[in-house]
Every structure is written in structure tokens, then in C-alpha cells.
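Architecture and fold: a report
Now for the letters of each chain:
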Amino acid sequence: MANLDPIEYEQASSTVRAVYDDIMATRKTDWVNNFWKVLAHHPDNLQRLWNNIKQVMGNGALDPLTKELIYVAVSITNNCSYCIASHSASARAKGMSEEQFGELMAVIGLANETNRLAVGYGVPIDEAFLPK
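Below or above, wherever it landed, is the structure these notes cover.

Time to look at the overall build of the chain. Scanning the chain for helices and strands turns up 6 helices and 0 strands. The linear arrangement of helices and strands in the chain, starting from the amino end, is α-α-α-α-α-α. Radius of gyration (C-alpha) of the chain: 18 Å, far over the 14 Å computed for a compact globule of 132 residues. Residue burial in the chain is summarised as follows: out of 132 residues, 25% are buried. Total accessible area on the chain stands at roughly 9300 Å², and carbon and sulfur atoms take up 58% of it. Of the charged side chains in the chain, 11 are positive and 15 negative; the average position of the first set lies 5 Å away from that of the second.

What follows is the structure in C-alpha cells.
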């Protein structure tokens, strides 16, 4: 259930349209997804987050597919259906195979299980794991 209706391009302010235009140009697409359209209710947040996404998800020490896989893993752990769908689609567009998706799901499930066990048991951190 949506808290706010998406703001379509035609109804958007010139400030929001500028962000939409940048999203479409950067992503080489002719549409803006609903995440951005809902954020458009708060143009300053829309602009800030879009700039952050471009910086963090752009080229860097991690390749774009790895970044998407991490995003999918965090989205699954946070139970964000929208983010799972959008970033899984993005990961597939960047080359993720179904075999990779299956392995990713296994790692996410394992990490969540072992994290909960470590937290529940209060396992002390080994000295060898501490930063030097």
C-alpha cells in the first residue's frame, strides 16, 4: 500500500524533471521508476539520494554487478520487496546468471543464520579478527 502516489513527469516541477532527466540519461532509459517518483514529493531528498546513488553505485573498486549483488543481499535481509525486485533486475541486466542468483541466496541465508547464532550466543570476537 503506497503512502504517496508517484509523481509522473508531466506533473513534476522543473526541479524534479531535471532529476528525472538525469536519471533517464544516466541509465539510458526512457522511464523513471516509482521509487524516484515517490521521492519526488521531497525534491531535496530526491536530488540528494540520486547524487548519492550515482556516486556509490557507479564505477569504483567494486564492479557494478558486485555492487548490485550486495544491494540485493541487504534488500533481502531488510525485507524490501521493491528493492529486491529492482536490484535483482539490475543485477540480471549487469550479467547475473540464475546460478549466481542461487548461490547469492544460499550465502544470504547462511549469513543470516550464522549472524543470528553469533548474536544469540554472544560469541566473543577472536583477537585474530580484530583490525591491527
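After that view, the rundown keeps rolling.
Our focus in this paragraph is the pattern of salt bridges. In total, this model carries 4 salt bridges according to the counting rule given. Between Glu98 and Arg92 there is a salt bridge; the shortest N-O distance is 2.8 Å.

What follows deals with helix 6 (residues 98–121). Here helix 6 is 24 residues long and its end C-alpha atoms lie 35 Å apart, about the 34 Å a rise of 1.5 Å per residue gives. Taken together, the buried positions of helix 6 are occupied by Phe101, Leu104, Ile108 and Asn112. Where helix 6 is buried, its residues contact helix 4 (64–77) and helix 5 (81–93). Of the residues flanking the end of helix 6, it is Gly122, one or two places downstream, whose phi is positive at about 65 degrees.

A few words on the packing of helix 3 (residues 43–57) against helix 4. Packing of helix 3 against helix 4 leaves a shortest axis separation of 10 Å and a crossing angle of 120 degrees. In terms of their interaxial angle, helix 3 and helix 4 are classed as oblique. Counted together, Ile53, Val56 and Met57 of helix 3 and Lys67, Glu68 and Tyr71 of helix 4 form the full contact between these two elements. A per-class count over the contact of helix 3 with helix 4 returns 4 nonpolar, no polar and 2 charged.

Tyr20, Trp36 and Leu46 are the most contacted members of the largest nonpolar core, which has 14 residues in total. Elements that contribute at least two residues to this core include exactly helix 1 (14–27) and helix 3. Aside from chain neighbours lying at most four places away, what touches Trp36 is Tyr20, Ile23, Arg27, Leu46, Leu49, Trp50 and Ile53. Leu65, Leu69, Val72 and Leu104 belong to the second largest nonpolar core, which has 9 residues in total.

Looking now at the side chain of Asn33. Mapping Asn33 onto the fold places it in the loop between helix 1 and helix 2 (34–39). With sequence-adjacent residues up to four places away left out, Asn33 is seen in contact with Arg27 and Tyr82.

Two elements in contact, helix 1 and helix 3, have axes separated by 9 Å at closest approach and are oriented at 20 degrees. One finds that helix 1 runs roughly parallel with respect to helix 3. In this structure, helix 1 meets helix 3 at a crossing whose hand is left-handed. Note on element contacts: helix 3 touches helix 1 through Pro43, Leu46, Gln47, Trp50, Ile53 and Lys54, opposite Thr15, Val16, Val19, Tyr20, Asp22, Ile23, Thr26 and Arg27.

What counts and how
- Residues numbered from 1 in each chain as written.
- Predicted model: local features only at pLDDT ≥ 70, side-chain atom pairs only at ≥ 80, totals over all residues.
- Heavy atoms only, no water.
- Helix = DSSP H or I, 4+ residues; strand = E, 2+ residues; numbered from the N terminus.
- Rg over C-alpha atoms; globule rule 2.2 N^0.38 Å.
- Buried < 20%, exposed > 50% of the residue type's maximum accessible area, 1.4 Å probe, protein only.
- Areas by Shrake-Rupley, 256 points an atom, 1.4 Å probe, with all protein chains shown as cover.
- Lys, Arg positive; Asp, Glu negative; His and termini not counted.
- Charge placed at Lys NZ, Arg CZ, Asp CG, Glu CD.
- Salt bridge = Lys/Arg side-chain N within 4 Å of Asp/Glu carboxyl O.
- Expected span 1.5 Å × (residues − 1).
- Contact = heavy atoms within 4.5 Å.
- Axes fitted to C-alpha atoms, helices over the stretch in contact; angles between N-to-C directions.
- Parallel < 35°, antiparallel > 145°, perpendicular 65-115°, else oblique.
- Nonpolar A, V, L, I, M, F, W, Y, C, P; charged D, E, K, R; others polar.
- Core = buried A, V, L, I, M, F, W, Y, C linked by side-chain atoms within 4.5 Å.
- Left-handed = near helix turned anticlockwise from the far one by under 90°.

Everything listed is a geometric property; what it means functionally is a separate question.
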